[in-house]
Amino acid sequence: MAAVVVLSNVAVQYPFTPFGLADYLTWGAFTYPVSFLITDLTNRRYGPKLARRLVIVGFIIAVFASIAAASPRIAIASGTAFLVGQLLDISVFNNLRRLAWWRAPLIGSLLGSAIDTALFFTLAFAGDITDVATYGVGGLAVTAPVWMAWAVSDFIVKVAMALVMLLPYGALLNVVLPAERFQRSAG
């Protein structure tokens, strides 16, 4: 968990330049969603109490490691966003876990990602990155700080990644059994 967060904190400092998307995305958009998969699988297997512990330990390790690997501002923004977003994901997942197999991880990840994205980009870049760009065409164009476009684009990628992460989640359903079911099948 901590490795995914630290990697994402380094990657978010680098604009995604392929296809001319530097004003829209950073590399962190592609790595961070894996943390929701880890949290959801932990929550499925061990329940919300242990999942919260994983998030808190991941938070502590990631903040200290990120201060060394990224900037203190990014580390603090990331830690705050990570903690709030992941704890929301755990609560939503736990409340929806008895519904169709895909609902809990998808809805939890989407809501957690929305909060995480809004908190992170505001805390990490507002007032610091002042570059602006014009987005849209004609009368529908708007000029905004680049970091806001990064946030919107980041969330769009997180939505896509939440859908992609359903593949490994679904593939692991019969392997990562809830603790009570695992103990019954082993016994």
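Going by the structure above, here's the rest.
So, here is what we can say about the structure in this document. From a predicted model like this one, the values you see are computed outputs, not experimental measurements.

1. Topic: the nonpolar core
Step number 1: Judged by nonpolar contacts, the single largest core of 18 residues is most densely connected at Ile-74, Phe-120, Phe-121, Phe-125 and Trp-150.
Step number 2: Broken down by secondary-structure element, the contributors of at least two residues to this core are α5 (72-96), α6 (103-125), β1 (132-135) and α7 (146-164).
Step number 3: The dominant element in this core, judged by the number of residues it contributes, is α7, at five residues.
Step number 4: Grouped together as the second largest cluster of nonpolar side chains are 15 residues, Leu-25, Ala-104, Val-157 and Tyr-169 included.

2. Re the packing of aromatic side chains
Step number 1: Evaluated as defined, the whole model comprises 10 aromatic pairs.
Step number 2: Ring plane angle 10° and centroid distance 6.4 Å describe the contact between Trp-101 and Tyr-169, whose orientation is recorded as stacked. Linking Trp-101 in the loop between α5 and α6 with Tyr-169 in helix α8 (residues 166-171), this pair joins segments that are 68 residues apart in sequence.
Step number 3: Through pairs of rings, three or more aromatic residues link up here, namely Phe-120, Phe-121, Phe-125 and Trp-150.

3. Structural notes on unusual backbone geometry
Step number 1: Positive phi, normally seen in glycine, also occurs at Phe-19, with a value near 60°.
Step number 2: Considering the arrangement of structural elements, one finds Phe-19 in the loop between α1 (2-11) and α2 (28-31).
Step number 3: The class of Phe-19 is exposed, set by a relative accessible area of 78%.

4. Some words on the pairing of β1
Step number 1: The side-chain alternation of β1 yields one buried face, formed by Ala-133 and Tyr-135, and one unburied face, formed by Val-132 and Thr-134.
Step number 2: Of the pairings in the sheet, the one linking β1 to strand β2 (residues 142-145) comprises four bridges and is antiparallel in character. From the neighbouring strand, Ala-133 faces β2, where its bridge partner is Ala-144.
Step number 3: Linking two consecutive strands that pair antiparallel, namely β1 and β2, is a turn of six residues; a positive phi of about 105° is found at Gly-136 within it.

What counts, and at which threshold
Residues numbered from 1 in each chain as written. Predicted model: local features only at pLDDT ≥ 70, side-chain atom pairs only at ≥ 80, totals over all residues. Heavy atoms only, no water. Core = buried A, V, L, I, M, F, W, Y, C linked by side-chain atoms within 4.5 Å. Buried < 20%, exposed > 50% of the residue type's maximum accessible area, 1.4 Å probe, protein only. Helix = DSSP H or I, 4+ residues; strand = E, 2+ residues; numbered from the N terminus. Phe/Tyr/Trp six-rings, centres within 6.5 Å; stacked < 30°, edge-to-face > 60°. Pairing = 2+ DSSP bridges.

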